[in-house]
Amino acid sequence: MNIFETLESEVRSYSRGWPVVFDRAKGSYLYDEDGREYLDFFAGAGALNYGHNNPALKQALIDYISRDGVTHALDMFTVAKRDFLQTLDDKILKPRDLEYKVVFPGPGGANAVEAALKLARKVTGKESVINFTNAFHGMTLGALSVTGNSMKRGGAGIPLVHATPMPYDKYFDGQFPDFFYFEKLLEDSGSGLNEPAAVIVEGVQGEGGINAARIDWLKGLSDLCERHDILLILDDVQMGCGRTGPFFSFEEAGIKPDIVCLSKSIGGYGLPMAITLIRPDLDVWEPGEHNGTFRGISPAFVTAAEALRVYWSDDELEKSTKAKGERIADAFKGIVEAYPEANLLAKGRGLARGLEFADGDLAGKVCAAAFERGLLMETSGPDGEVMKLLPPLTLSDEELGKGLDIISESIKTVLHK
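This one's a predicted model, so the numbers in the text were calculated from it and none came from an experiment.

Scoring rules and cut-offs
Residues numbered from 1 in each chain as written. Predicted model: local features only at pLDDT ≥ 70, side-chain atom pairs only at ≥ 80, totals over all residues. Heavy atoms only, no water. Helix = DSSP H or I, 4+ residues; strand = E, 2+ residues; numbered from the N terminus. Contact = heavy atoms within 4.5 Å. Phe/Tyr/Trp six-rings, centres within 6.5 Å; stacked < 30°, edge-to-face > 60°. Buried < 20%, exposed > 50% of the residue type's maximum accessible area, 1.4 Å probe, protein only. Lys NZ or Arg CZ within 6 Å of the ring centre and 35° of its normal. Core = buried A, V, L, I, M, F, W, Y, C linked by side-chain atoms within 4.5 Å.

### Observations concerning the environment of G106
Checked against the element boundaries, G106 lands in the loop between β4 (101-103) and α6 (109-124). The spatial distance from the C-alpha of G106 to the C-alpha of I297 is 9.1 Å, given a sequence separation of 191 residues. The contact partners of G106, leaving out residues within four places of it in the chain, are N111, M273, A274, F294 and R295.

### Section: the packing of aromatic side chains
For the structure on display, the rule yields 22 aromatic pairs. Judged by centre distance (5.9 Å) and plane angle (15 degrees), the rings of Y14 and W18 are stacked. W18 sits in the buried class, given a relative accessible area of 10%. Ring-pair connections join several aromatic residues into one group, and the members of that group are Y171, F172, F176, F180 and Y181. Sitting over the ring of Y31, R24 keeps its end group 4.4 Å from the ring centre.

### Regarding the nonpolar core
Of all hydrophobic cores here, the largest spans 86 residues; its most connected members are F84, L221, M387 and I407. Not counting residues up to four positions away in its chain, the partners in contact with M387 are F332, R353, G354, L355, F357, A363, V366, C367, M377, E378 and I407. V103, L231, A274 and L282 belong to the second-largest nonpolar core, a separate cluster that totals 21 residues.

Structure, rendered in C-alpha cells:
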C-alpha cells in the first residue's frame, strides 16, 4: 500500500480504519484483493442503499453504455434525463402529492445544499439561515456554515457567517418546550436575531450521531416556518431514498418542505448525482445563474430511474426496511440491558441506527473489532462516540443476523477489556 501513503493526501480517512485494498463488491459485501469478504454496514456513507453492483441497475447501465448513450451532457435535454424526470414524477412525487421542480446542481450532496441556500437567499432577499446543533450539510463553504462539527468547520480557514444554530430535537433532553428559544428570538425585537431566509434541517442527523427527530418535532418546525414566513429546507442527502423506511425521511410527519436536497442513493448505483427539489413558485433562477459541468451525468440518470422503477413501484422495500430496523432496535435494546454500567444508548430510525458509547475511544474500538471480524462500520457524533449502522436496504435477513452477531461479539470483547 506504499503508493497510497506516498502519493495520496493525508486527508484520507476511511482507509485508515480499514487498511486493506478492496477489489470487488457485490450486494452487501466488499472483497479485498486477497479475496477476504467484508459485510458492509457502511454502504458508501448511505450512497449504496440498493447494495453494490445491484444486478438490475447494472444491466440498465451496461445496456445504456453499450448502445453509446450520451454520458456527459451538462444541462442539455437527453433521453436519459427525460426518463429520470418522468419516473421521479410517476413513482415518487405524484403518489405523495408533492409538486416540485428539479434543479440539477452538480454531482454531490454539498452541491444540492449550496443550491438550496443560494436560492433561499435570492427568493427572500435575506442573508441569514437557521441551522441546528450537530448538523452536517457538507464540506463546501456555504454547507459548512450551517454544519455544527467544530473540526469540520475549522477546515474552512475563514469565518463562517450568516448562519445561526438552534437546538435540535432532544438537545435539552426534554427540559424545555420545543422551539421555545427559537420562537422567543423570532418574536423579540431586541433579540438581535437577523430575520432568517430559511431553516435547514435533517430528519435524522447521520454524521451528527444518528439523532432522529421526533415526528411531532418536525411538524412543529414546519408550522413555525409557515407562521414566520421562513423557507424550510429539508436535507435528505443521507436519509432520503428509503433509508428511514419511506422514500423521504419527513413523510411520516406529513409535511411538505419548500426545498429538499437529495444525493447519495438518488443515483441508485453509487454514481455521482444530486438534485434539489424546489416549490415551483421559488423557481426564480435566471438561465445559467447556477450551473456546473457535471450536473448532467446520464449514466446516473439511467440507474436512478431504474432504481425508482424496481424499488418504489410498491411499498415492499419500505416495509422491509422498517422491519429490519426494528430487528436492530431489539438487538440494541438487549445489548444496552446487558451492559448497564456502560450507559449505552440506542438511537435511530429505519436502517439508520446507532449505539452511543461513553466516548469516541470505545466506539472506535468496537468498530475496529468488527473490522477484524469482517464487518465495516463507522463512527459518528461530535466526538465519534456513536457506532453507526447504514447497511444496504436490500440486505438479507441472514446478512443482518450475521452483522448483529459480529457487533455483539465486538462489543463484548471491548467492554470486557
